[in-house]
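For reference, the chains in residue letters:
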Amino acid sequence: MEFESHLRDSVLEQAHENGRQLLADAKESIEHEAKEQEAQLKQEKLQQREQEIKAINRQVQREVQQLENKKRQSTLATKQGILKELFAGAYEQMTAWSIEQEQAFLEQVLKKYPQEELVLTVGSRTLVKYSAGQLERLLEHYPHVKLASSSVSGEAGFLLSRGNIDDNYLYRNLVDSLWQEESYQLAQTIFQDEAD
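Residues numbered from 1 in each chain as written. Predicted model: local features only at pLDDT ≥ 70, side-chain atom pairs only at ≥ 80, totals over all residues. Heavy atoms only, no water.

**Section: a nonpolar patch on the surface**
Together, Ile56, Val60 and Val64 make up a nonpolar patch on the protein surface, roughly 250 Å² of accessible area in all. For Val60, the location among the structural elements is in helix α1 (residues 2-95). (Patch = residues over 30% accessible without salt bridge, like charges linked within 9 Å, V, L, I, M, F, W, Y side chains within 5 Å. Areas by Shrake-Rupley, 256 points an atom, 1.4 Å probe, with all protein chains shown as cover. Salt bridge = Lys/Arg side-chain N within 4 Å of Asp/Glu carboxyl O. Helix = DSSP H or I, 4+ residues; strand = E, 2+ residues; numbered from the N terminus.)

Here is the structure:
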C-alpha cells in the first residue's frame with residue numbers, strides 16, 4: 001500500500017511538475033507572442049504615423065504652392081496695372097503736347113520720308129491745336145506732302161499715306177505698339193524679383 005501510495009504520489013508529483021512546466025512554457029510562449037504582437041503593433045503605428053505625416057506634408061506643400069501662385073498672380077496683376085497706368089500716362093502726355101512739341105514730332109517723322117509723295121491726315125485732337133494756315137505753312141517746307149481734307153475723329157497724332165499704305169502715328173496706336181513690344185521687357189527691368 002505504501003508502494004502504491006508512493007507511486008501515486010510520484011505520478012501525481014510528476015503530473016504536477018509536467019503541468020507546471022507546460023504552464024510555464026505556455027506562459028513564456030504567450031508572453032513572447034504578446035511582445036511580438038506589441039512590437040508589430042508599434043511598427044504598424046509608426047508606419048501609419050509616417051504616412052499621415054507624409055500626407056500632411058503633401059497637403060502643406062500644395063497649400064504653400066497655391067499661396068505662392070496667388071502671390072505671383074497678385075504681383076503680376078499689380079505690375080500690369082502699374083504698367084497700364086504708365087502707358088496711359090504716356091498717352092495723356094502726348095495728347096497734351098504743346099503745338100511746338102506737335103510740330104517738332106511731325107517734322108522729325110517727315111524727315112524720314114525725304115522725297116516720297118505723302119498724304120498727311122491729322123487726328124482731330126491734334127488738328128485743333130493748329131491755328132488757321134499754321135499747318136499749311138509748316139508743310140511748305142515739305143512740298144511732297146499734301147494735307148488730307150478730313151481728320152481722324154477723336155484721335156491725336158497723324159497718319160501718313162503712301163498710296164494704299166498708311167503709316168500710323170496716332171498716339172494711341174504708338175503707345176499700344178510700344179506696350180505690345182516693350183511691356184514684358186519693361187516689367188523685367190522695373191520689377192526685378194526680390195532675389196536680386
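**Some words on the pattern of salt bridges**
Evaluation of the coordinates by the stated rule reveals 6 salt bridges. One salt bridge connects Glu102 with Lys129, and the closest N-O pair in it is separated by 2.8 Å. Taken as a pair, Glu102 in helix α2 (residues 99-110) and Lys129 in the loop between α3 (124-127) and α4 (134-139) lie far apart in primary sequence, 27 residues in all. The class for Glu102 is buried, based on a relative accessible area of 2%. Across the pair Glu155 and Arg172 runs a salt bridge whose closest N-O atoms are separated by 3.9 Å. Taken together, the positions of Glu155 in the loop between β2 (145-147) and β3 (157-162) and Arg172 in helix α5 (residues 171-190) put the pair 17 residues apart, joining distant regions of the chain. Overall, Arg172 belongs to the partly exposed group, its relative accessible area being 37%. Connected through salt bridges with shared partners, the residues Glu116, Arg162 and Asp167 form a single ionic network. (Buried < 20%, exposed > 50% of the residue type's maximum accessible area, 1.4 Å probe, protein only.)

**Examining the nonpolar core**
Of all hydrophobic cores here, the largest spans 25 residues; its most connected members are Leu106, Leu110, Leu120, Phe158 and Leu160. Secondary-structure elements contributing two or more residues to this core are α1, α2, β1 (118-122), α4, β3 and α5. Broken down by element, the residue count for this core peaks at 5 residues, all from α2. Filtering out sequence-adjacent residues up to four positions away, Leu110 remains in contact with Leu118, Leu139, Tyr142, Val145 and Leu160. (Core = buried A, V, L, I, M, F, W, Y, C linked by side-chain atoms within 4.5 Å. Contact = heavy atoms within 4.5 Å.)

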